[in-house]
Amino acid sequence: MGPATPAALPPPCRQALLDARVDRVVVALMDPTSRGKGGAAVLRASGINVETDVLADEARRVLGPWLIATQRGHPHVTWAYTITRTARAHQPPSTIEDLRREIDVVLHTDGRLEEGIPGGHGSGMVQLPAKPWESVDPESALIALFQGGARTLLAVGDTVVARILSSNGFVDKLVVDLSRDVDGITPLPPSGYSIESVSTRPNYVRITYAHISR
């Protein structure tokens, strides 16, 4: 399947603000996908007071993965897995239900791709290649996913694709579920990552690592 055919774009939201005759607009971050002359410039030219960089750091924390994906042209990648006592290797995560709510596309251990929330983007908004990693390099596969509408990707468990993405530096975030029956493993950050958060669950501890350079 080739790149998705883009649907007809709605008019820029700046027009709605102009039609509403607002006096002032507060902007946290400038939209890198802004079309034409840019919304802020058009609003200012129309006499509207536009204030930018308001709570910008807070906005980056919320929009970080989307911004990263938009700036580089391929999805922000999270790799999630579990470490247990009986198999000290990468197993599927204890649960992905809470992870997939904020993810565009999930890559399962059997190679299937599906929306994080099936149908959550609306009909035709995300079009997934059947086998994006077949006979192509990982970056080209990620670009194909981006062109299909994916801005965030969750790779689940120990798969060849997940390891390829990791070894080529494409994994932005690691989510490690450490089983409570594991002894002798210290949750130190992998090389190039720092601990972002730690949370406890009934049967495991979830440690999230963020890539330092992202």
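Our structure's up above, just so we're on the same page.
Description of the structure in this document.

Definitions and limits used
Residues numbered from 1 in each chain as written. Predicted model: local features only at pLDDT ≥ 70, side-chain atom pairs only at ≥ 80, totals over all residues. Heavy atoms only, no water. Helix = DSSP H or I, 4+ residues; strand = E, 2+ residues; numbered from the N terminus. Buried < 20%, exposed > 50% of the residue type's maximum accessible area, 1.4 Å probe, protein only. Contact = heavy atoms within 4.5 Å. Areas by Shrake-Rupley, 256 points an atom, 1.4 Å probe, with all protein chains shown as cover. Pairing = 2+ DSSP bridges. Axes fitted to C-alpha atoms, helices over the stretch in contact; angles between N-to-C directions. Phe/Tyr/Trp six-rings, centres within 6.5 Å; stacked < 30°, edge-to-face > 60°. Lys NZ or Arg CZ within 6 Å of the ring centre and 35° of its normal.

Digging into the overall build of the chain
Looking only at helices and strands, one finds six helices and nine strands in the chain. Here the chain holds 214 residues, and 40% of them are scored as buried. For the chain, restricting intrachain contacts to residue pairs at least 6 apart in sequence, the fraction spanning at least 24 positions comes to 62%. Accessible surface, the chain as shown: approximately 12,300 Å² in total, 53% of it carbon and sulfur.

Thoughts on the side chain of T78
Counting through the fold element by element, T78 comes out in strand 3 (residues 76-83). Overall, the relative accessible area of 7% leaves T78 in the buried class. Excluding residues that lie within four positions of it along the chain, T78 makes contacts with L153, L154, A155, K173 and V175.

Re the sheet that holds strand 7 (residues 173-179)
One open sheet accounts for seven strands, arranged 5-4-6-3-7-9-8; its pairing is mixed. Edge positions in the sheet fall to strand 5 (113-115) and strand 8 (193-200), since each has one partner strand and no second. Sheet twist, expressed as the average angle between the axes of neighbouring strands with direction ignored, equals 20°. Both strand 7 and strand 9 (residues 204-211) contribute to a ladder of seven bridges, which runs antiparallel. Paired with S179 across the bridge in strand 9 is Y204. Packed onto the sheet, helix 3 (residues 56-72) meets strand 3 and strand 6 (152-156) and runs at close to 125° relative to strand 3.

Focus: the packing of aromatic side chains
In this structure the tally under the stated criterion is one aromatic pair. One residue, R151, lies across the ring of F146, its end atom 3.7 Å from the ring centre.

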